[in-house]
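Residues per chain are reported as follows:
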Amino acid sequence: LVEVANKHGIDMTFFHGKGGTVGRGGNPATFNAILAHAPNTINSQFRVTEQGEMINQNFGFGDRAERTMNIFTAAVLSERHIPRPTPTPEWRELMKKISDISCAAYRGIVREDERFVPYFRSATPELELSELNIGSRPAKRKATGGVESLRAIPWNFSWTQTRLNLPTWLGVGDAISQILASSDGDTLRQMYKEWGSFATTIDLVEMVLAKSEPSIAAHYDHKLVHEDKAKELGQHVRTIHAETEAAALDLTGHSELSEDNIVLRRALQVRNPYCDCLNILQAETLQRLRSCDEQNEEEQKLLKDTLLTTITGVANGMGNTG
């Protein structure tokens, strides 16, 4: 696009949609996200959108708004003076291979495994979210339908609540481990060391893995999942999570997830004990709500209010929603 614009004398400004969770393309690390842009694509011109709860989070107070604008300004100015490599044809080809492997692994679970939809519906608060009127849009594009009918936000939101964060990392470990074990392994390691955009993506996945708690997700399974096949899938997914952690650490050379992100690690040490309690309460509330007599409106209201409180708490504790 840059080459075409320059050829025809067009002044082009890229629109940066950085919002939302990592699982749907977001990047909360604004400075690094801007520097991860391809060379010669910003050129001191930058357009960005902020919406939803991010408006209040980034601009709700004077000092916070000033800090946000400082980050944007510093990044746009720094981008002019930090050399970044143009992806080589070899890197581009390997990215295509990564995409193909990870996509096949993702779809193999989400679209092709008949156990997945029953597991997703029982192990997460997805069904209850549509009744709580959270957000400005309905949870589904259609009143009926499977996973494909869900909007991106409730899809990610449901997995964030159980602390598994499945949409962000599912398939990534398969791609990394397969390529590291192949003749392209050295090229993949070179990409992580030299290509900032690729390294930022891997670091984001590693950050989400660090924020995940498979043991909490296992507790949801214990309380809410009753079908044996669905339980087997839950265990299988958590095994994939562990394998993805190992693959990410192998590529990054870290001994612990996000070991360079001191702020995140400190925040998790403070937040996790509180989130753990909220997750235990949420799983218990979901169990009671699903077994509650529909005629008992008073108890249903009490349980829904409790569920909404835990949902809000976990979302704030995890630092993102959908």
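The coordinates are above.
A quick note: this is a predicted structure, and the numbers were derived from the prediction, not measured. (Residues numbered from 1 in each chain as written. Predicted model: local features only at pLDDT ≥ 70, side-chain atom pairs only at ≥ 80, totals over all residues. Heavy atoms only, no water.)

Summing up its helical and strand segments, the protein chain has 16 helices and two strands in all. Within the protein chain, counting contacts between residues at least 6 apart in sequence, those at least 24 apart form 75% of the total. With the model as given, the accessible surface of the protein chain reaches about 17600 Å², and the carbon-plus-sulfur share is 51%. (Helix = DSSP H or I, 4+ residues; strand = E, 2+ residues; numbered from the N terminus. Contact = heavy atoms within 4.5 Å. Areas by Shrake-Rupley, 256 points an atom, 1.4 Å probe, with all protein chains shown as cover.)

Quick look at the packing of aromatic side chains now. Per the counting criterion, the structure on display carries 10 aromatic pairs. A ring pair is formed by Trp91 and Trp195, whose centres lie 5.5 Å apart and whose planes are at 15 degrees; its orientation type is stacked. Of the two residues, Trp91 sits in helix 5 (residues 89-110) while Trp195 sits in the loop between helix 11 (185-194) and helix 12 (196-211), which places them 104 residues apart along the sequence. Relative accessible area serves as the criterion here: at 4%, Trp91 is assigned to the buried category. (Phe/Tyr/Trp six-rings, centres within 6.5 Å; stacked < 30°, edge-to-face > 60°. Buried < 20%, exposed > 50% of the residue type's maximum accessible area, 1.4 Å probe, protein only.)

Turning our eyes to something else, we now look at the pattern of salt bridges. Overall, the coordinates contain 14 salt bridges when judged by the stated rule. Linking Arg189 and Asp250 is a salt bridge whose minimum nitrogen-to-oxygen distance equals 3.1 Å. With Arg189 in helix 11 and Asp250 in helix 14 (residues 228-252), this pair connects stretches of sequence that are 61 residues apart. The class for Asp250 is partly exposed, based on a relative accessible area of 39%. Between Glu284 and Lys223 there is a salt bridge; the shortest N-O distance is 2.7 Å. Here Lys223 lies in helix 13 (residues 214-224) and Glu284 lies in helix 15 (residues 262-291), a separation of 61 residues in the sequence. Here the salt bridges share partners, and the residues they tie into one network are Asp113, Arg115 and Glu232. (Salt bridge = Lys/Arg side-chain N within 4 Å of Asp/Glu carboxyl O.)

A word on the packing of helix 10 (residues 172-180) against helix 11. Orientation of helix 10 relative to helix 11, taken along the N-to-C sense of each, is 125 degrees, at an axis distance of 7 Å. In terms of orientation, helix 10 lies oblique with respect to helix 11. Of the residues in helix 11, those touching helix 10 at Ile176, Ile179 and Leu180 are Gly185, Leu188 and Arg189. A breakdown of the residues in the contact of helix 10 with helix 11 according to their chemical character gives four nonpolar, one polar and one charged. (Axes fitted to C-alpha atoms, helices over the stretch in contact; angles between N-to-C directions. Parallel < 35°, antiparallel > 145°, perpendicular 65-115°, else oblique. Nonpolar A, V, L, I, M, F, W, Y, C, P; charged D, E, K, R; others polar.)

Contact geometry of helix 13 with helix 14 gives a least axis separation of 10 Å together with a crossing angle of 175 degrees. Relative to helix 14, helix 13 is oriented roughly antiparallel. Together, Pro214, Ala217, Ala218 and Asp221 of helix 13 and Gly234, Arg238 and His241 of helix 14 make up the contact between the two elements. The residue makeup of the contact of helix 13 with helix 14, split by class, is three nonpolar, two polar and two charged.

Moving on: unusual backbone geometry. Although it is not a glycine, Arg163 adopts a positive phi angle of roughly 65 degrees. Looking at the element boundaries, Arg163 is found in the loop between helix 8 (152-161) and helix 9 (166-169). The class for Arg163 is buried, based on a relative accessible area of 0%. The phi torsion at Asn165 lies on the positive side, around 55 degrees, for a residue other than glycine. As for its placement among the helices and strands, Asn165 is situated in the loop between helix 8 and helix 9. Since its relative accessible area comes to 7%, Asn165 is described here as buried.

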